[in-house]
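Listed below are the residues making up each chain.
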Amino acid sequence: MRVRKNDRIGIILFLLPALILFMVFFIVPIISVISMSCFNWNGISEAEFIGLSNYLKIFSDKVFWTSMRNNIIWALSACFIQVPLALLMALLLSKKPKGWKFFRTVYFLPQVISGIAIAMLWSAVYNSEFGLLNGFLKIIGLEQLTKNWLGNPDTAFICVLVYGLFYIGYYMVIMIAGITGIDDTYYEAARIDGANRIQMDIHITIPLIKYSMLTCVTLAAVFGLRTFEQVYLLTNGGPANRTSVLVLYLYKQMQNNNYGGANASSVMLILTGAVVIVLIRKLFSIKKD
Amino acid sequence: MKKRKKNLEVLIIVLLLGLSTLAACGNSANNATQPETSKTNDNSSDEVITLTFPCIWVGADSKAEVFGNMVRGFNEEYAGKYEVIIEEQTDYDAYEDKIRTLVSTGAAPDIFTMGTYADLELFSKSGKLMDLTEFLESEGMAGRFVEGVVDNAKIEGVNYAFPYENAVISIMFNERLLDEAGVEAIPQTYEELWEACEALQAINIIPTTQMTNDNAWTSMLWYSYALAACGGPDVYENGLDDPAFVEAAEILKKMFDYTSSDAIGADATVVNGHFFNERAAIYTNGSWILGRIQTEGVEGLYDNLALSAGLSVNGENGGAYVNAVQAYIAAGIQEDPAKEEAVKAFFKYITEADKIVELSNSSGALFAIDIDASSITDPLLSEIAQQSSDAPFMIGHFQASVSTAVVNEFSAALESLVLGDVTAEGFVEQLKAADE
């Protein structure tokens, strides 16, 4: 369908404000980040051009690679645990069982509660001296399993990850919206053919909300890559940088007044994000074919 | 005709959207620059000169009440002329981030504080700090400070800030818990400390309080005391190459054998919680914590406290004290001389000796302002002042004596040391690597 000239002007005019804001607040800062990543700058003195030295420095820093690995694990767990969990909940709640509105609210609640409040709650759960988890283990006679969950290198990252996995409400709502939009006639036809609920979910619901799922997976991966709040509040990257993530890594570079290094880390974060998004889109389009 | 009308409608909607966005920005911009307007007001104007002061001495801080009263007192005394507006900031790390960002973007606040000489050195390069040298040397100001402290805060002969709060660090023992464990005398050496720790641990009392989060503040103070014992008064002279840094790391590692199970990852709240609630017996912090011990500690804790200077190693370097400037006060450079005068008037007001005495007695903090020591009414604070002045030598705490990068690396390096990832030598190497 050809767009008429007058409509085209209208479209351009409508897009213009958003485009200007996008350029000013997104494209220009990204260009600035890329260029500043080649400078040695403490934020106060004059910046000195040092080429790719900041990149070489962060590549030789094992904390950077630990952070990168943790981010990838975070993004993968968000895509393969968080999103399927959200899908499961969406499938269950879309059938409107008894109390579905209550559960929908409960699952969405973490999204609207302050992250600091939730982090304090979890840090109280994991505390080794008076935490809920150790208390529970003691009650059921498993005292030998009690430990400093957030201070132990073997458990710290898993604990932080588990906390993050509870944020399924956002994806669940997106998928419920997708499910609500499916025409009832599909299900009626399936029922006539003798399909049960699980078969209807697998063969009708899931394929028809594929694009909602794509949105959720993309968002989950992006949120996983830019994770900061949970890690900063629960462990601050510890113990011994075992739970560090890229945003925390670049934040610490900024704390050290190493803005060049922080910008180089940002560039790596942007590149990783771009690669992950391309891979996700490829994955979904392959299935389509 | 219809098409033209449609296009016109589109254009109007777009213009309205654009204008509303700009109007929103413009509105906030106006608000943000309100103090800026008064900044450029000339003297002849009757408008009150306002000074913004992002401040950490608010909320639960032990200085909050009296310092708040001081600011109110200043505003009343100069009513209609000057007004200091406090911007409350309760998180120390967030405060440092905010100040660093403001200074680097050329928008240094009218008045602000800094925690370390390293920050002062860095910010002085911005050209955005007011030169206070003449003011601090002027009549009425020169004699207010403890001898030498203002000169020590100079950067290439210029005072961009003056030292205000002094951190005088003491080791604190809960005597009631020591008695319970059968420890009869306050340890004077590390060997005696380990014995006391064993005795406390035997009756399920946490011997020492340690932490690794929030720059590992109290553990950093323990490390500073260990440095004093291992390296003596000149321990910082050779930088991190001094073998005392490795020896002190071994002491600190051993301390983690006698601490709470949540020490790795613990922050100041956890550490204070253990000591204030008598779960732990031995603690170290600045004198300012006395105010909080009185108000937040369990009943009788304050009366059961015994204070001590540093411990000795192999009979050497005992009795040392650890101190450092805890807060420097600086001002953003002002174009308007009237506003500069307002800043100076405020600095004069908050450095008056009688006000400092009140602030000390209420908070337990000590200051770089010269006051009559006998006017300190708090017995423990007075004891700290006495012990520190009797100390054979004093050293700055580690955080105040090394670069920002080393300060920030300390926490991760300490966790690596305690978890056995690195040896004491490796711990020091990790700190050195951060410095490069």
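Residues numbered from 1 in each chain as written. Chains lettered and ligands numbered in written order. Predicted model: local features only at pLDDT ≥ 70, side-chain atom pairs only at ≥ 80, totals over all residues.

**Student:** Could you give an account of the nonpolar core, with specific residues and numbers?
**Tutor:** Proteins that are soluble and globular tend to have nonpolar side chains buried together. Judged by nonpolar contacts, the single largest core of 134 residues is most densely connected at Ala161(B), Ala226(B), Leu227(B), Ala248(B) and Tyr328(B). Take this core: its biggest share by element is eleven residues, from helix α10 (residues 217-231) of chain B. In this structure, this core is formed jointly by two domains, domain 1 (48-167 + 324-375) and domain 2 (169-323 + 379-435) of chain B, each of which donates at least three residues. Dropping the residues within four chain positions of it, Leu227(B) is found in contact with Val235(B), Ala244(B), Phe245(B), Ala248(B), Ile395(B) and Phe398(B). Residues Ala75(A), Ala78(A), Leu150(A) and Val276(A) belong to the second largest nonpolar core, which totals 54 residues. (Core = buried A, V, L, I, M, F, W, Y, C linked by C-beta atoms within 7 Å. Buried ≥ 20, exposed ≤ 12 C-beta atoms within 10 Å, placed from the backbone. Helix = DSSP H or I, 4+ residues; strand = E, 2+ residues; numbered from the N terminus. Domains from an automatic or database assignment. Contact = placed C-beta atoms within 7 Å.)

**Student:** Can you tell me about the interface of chain B and chain A, naming the residues and giving the values?
**Tutor:** Facing 31 residues of chain B, the contacting portion of chain A comprises 28 residues. Mapped onto the side of chain B that touches chain A, the elements with two or more residues apiece are α1 (2-32), α4 (92-104), α5 (117-124) and α18 (404-419) of chain B. Class assignment of the residues belonging to the side of chain B that touches chain A gives a composition of eleven nonpolar, 14 polar and six charged. (Nonpolar A, V, L, I, M, F, W, Y, C, P; charged D, E, K, R; others polar.)

**Student:** Tell me about the confidence of the model for chain B, and name the residues and values.
**Tutor:** Residues and elements named next belong to chain B. In this model, chain B carries a mean pLDDT of 88, and residues with pLDDT of at least 70 account for 89%. Contacts of residues 22-44 to residues separated by more than four positions or lying in other chains number 14 contacts, the stretch itself having pLDDT below 50. Model confidence for the complex is summarised by a pTM of 0.83, with the ipTM given as 0.83. (pLDDT = per-residue confidence, 0-100.)

**Student:** Quick rundown of the packing of helix α4 (residues 100-112) of chain A against helix α8 (residues 169-180) of chain A? Include the residues and the values.
**Tutor:** All names here are of chain A. The interhelical angle for the contact between α4 and α8, taken along N-to-C directions, is 125°, at an axis separation of 7 Å. With respect to their mutual orientation, α4 and α8 come out oblique. Where α4 abuts α8, its residues Tyr107, Phe108, Leu109, Pro110 and Gln111 lie against Gly169, Tyr170, Met172 and Val173. Grouping the constituent residues of the contact of α4 with α8 by class yields seven nonpolar, two polar and no charged. (Axes fitted to C-alpha atoms, helices over the stretch in contact; angles between N-to-C directions. Parallel < 35°, antiparallel > 145°, perpendicular 65-115°, else oblique.)

**Student:** If you had to explain the pairing of strand β2 (residues 82-88) of chain B to someone new, which residues and values would you point to?
**Tutor:** Residues and elements named next belong to chain B. As defined by bridge partners, strand β1 (residues 49-55) adjoins β2 across seven bridges and the pair is classed as parallel. From the neighbouring strand, Thr52 faces β2, where its bridge partner is Ile85. The parallel pair β1 and β2 is bridged by helix α3 (residues 64-77), and the resulting crossover is right-handed. (Pairing = 2+ DSSP bridges. Right-handed = clockwise from strand over helix to strand, strands pointing away.)

**Student:** How would you explain the pairing of strand β6 (residues 280-286) of chain B if you had to name every residue and give the values?
**Tutor:** Residue and element names in this part refer to chain B. Of all seven residues that make up β6, seven are buried, and the element is covered over most of its length. Sheet topology places strand β4 (residues 161-174) next to β6; five bridges connect them, and they run antiparallel. Within β6, the residue paired with Ser170 across the bridge is Asn285. Direction of pairing for strand β5 (residues 206-208) relative to β6: parallel, over a ladder of two bridges. Counted as the bridge partner of Thr208 is Ile282 from β6.

**Student:** Account for the domain arrangement of chain A, with residues named and values stated.
**Tutor:** Domain boundaries in chain A define domain 1 (1-29) and domain 2 (37-288). Domain 1 of chain A and domain 2 of chain A are separated by 32 Å when their C-alpha centres are compared.

**Student:** I'd like to hear about unusual backbone geometry, residue by residue, with values.
**Tutor:** A cis geometry characterises the amide bond from Gly238(A) onward to Pro239(A), with omega recorded as -5°. Relative to the helices and strands, Pro239(A) resides in the loop between α12 (229-234) and α13 (246-255). If you check the backbone angles, Asp214(B) has positive phi at about 50° while not being a glycine. Within the element layout of this structure, Asp214(B) appears in the loop between β5 and α10. We note that Glu278(B) has phi near 60°; this positive angle belongs to a residue other than glycine. Mapping Glu278(B) onto the fold places it in the loop between α12 (268-276) and β6.

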